[in-house]
Amino acid sequence: PFFAVLMLKDLGFGYMAFTMVTLAATISAIVSIRRWGRHADRVGNMKVAFSTSMLVALIPMFWLVNQNPVYLFFVQLFSGFAWAGFNLSASNFVFDASSPGKRARCIAYFNFFSGIAMSLGALAGGWLAMNLPAGFLASSAMNLILISAVLRLIMSWLLPFNLKEVREVDP
């Protein structure tokens, strides 16, 4: 949720630039999701989730490199591509790992705990945004983005050790 505030408040984007940068991720996700689905069907959801979790972890780092709207448009194209693969493979894993009779319950749990985690992350980030000194980078928002990237990288390395593919896939 902090990228919108960063673009509008800290970087001073106009609404057109903000809209174009924001829409880039959505358009990229829509265009790439079918490709991710075919790939996940062939190699497995966990391989896609692992590789895309590393890509997702890199996205905040790209925001630290340059804040030009044209550059960020392409970063968001990459972001939509990576998030489409991750979200699709995570959701499909729940379908694969649950029996048909328990599938609705498992999906509900998945969505519930994902929502709780996103809310807690946003609350923690909001608290940090108000209390984090400018320090290392130019602003507290940029420091928050760096913290986000580090935490995402840690989680992307922990993910494959906790989950295993539940169906037969190509090696």
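Nothing here was measured: the structure is a model prediction, and the numbers come from that model. (Residues numbered from 1 in each chain as written. Predicted model: local features only at pLDDT ≥ 70, side-chain atom pairs only at ≥ 80, totals over all residues. Heavy atoms only, no water.)

Novice: Is there a simple way to think about the layout of surface pockets in this case?
Specialist: A water-sized probe rolled over the atoms picks out the places where empty space is left. In this structure, the second largest pocket occupies an estimated 240 Å³ of space. Around the second largest pocket, the lining residues are Phe 2, Val 5, Leu 6, Lys 9, Asp 10, Gly 126, Ala 129, Met 130, Ser 140, Ala 141, Leu 144 and Ile 145. Those elements that provide at least two residues to the lining of the second largest pocket are helix H1 (2-10), helix H5 (103-131) and helix H6 (140-162). Counted by class, the lining of the second largest pocket contains eight nonpolar, two polar and two charged residues. (1 Å grid on protein atoms, 1.4 Å probe; cavity = no way out; pocket = protein on both sides within 12 Å on 5 of 7 lines; lining within 4 Å. Points joined across faces, edges and corners; volume = space filled by probe spheres on them. Helix = DSSP H or I, 4+ residues; strand = E, 2+ residues; numbered from the N terminus. Nonpolar A, V, L, I, M, F, W, Y, C, P; charged D, E, K, R; others polar.)

Novice: Help me understand the packing of H1 against helix H2 (residues 15-43) in this model?
Specialist: Helix-helix packing: each pair is described by the crossing angle between the helix axes and the interaxial distance. The N-to-C vectors of H1 and H2 enclose an angle of 155°; their axes lie 10 Å apart at closest approach. Viewed along their axes, H1 and H2 adopt a mutual orientation that is roughly antiparallel. The two elements H1 and H2 cross, and the hand of that crossing is right-handed. Side by side, H1 and H2 meet where Ala 4, Met 7 and Leu 8 of the first sit next to Tyr 15, Phe 18, Val 21 and Thr 22 of the second. For the contact of H1 with H2, the per-class residue count stands at six nonpolar, one polar and no charged. (Axes fitted to C-alpha atoms, helices over the stretch in contact; angles between N-to-C directions. Parallel < 35°, antiparallel > 145°, perpendicular 65-115°, else oblique. Left-handed = near helix turned anticlockwise from the far one by under 90°. Contact = heavy atoms within 4.5 Å.)

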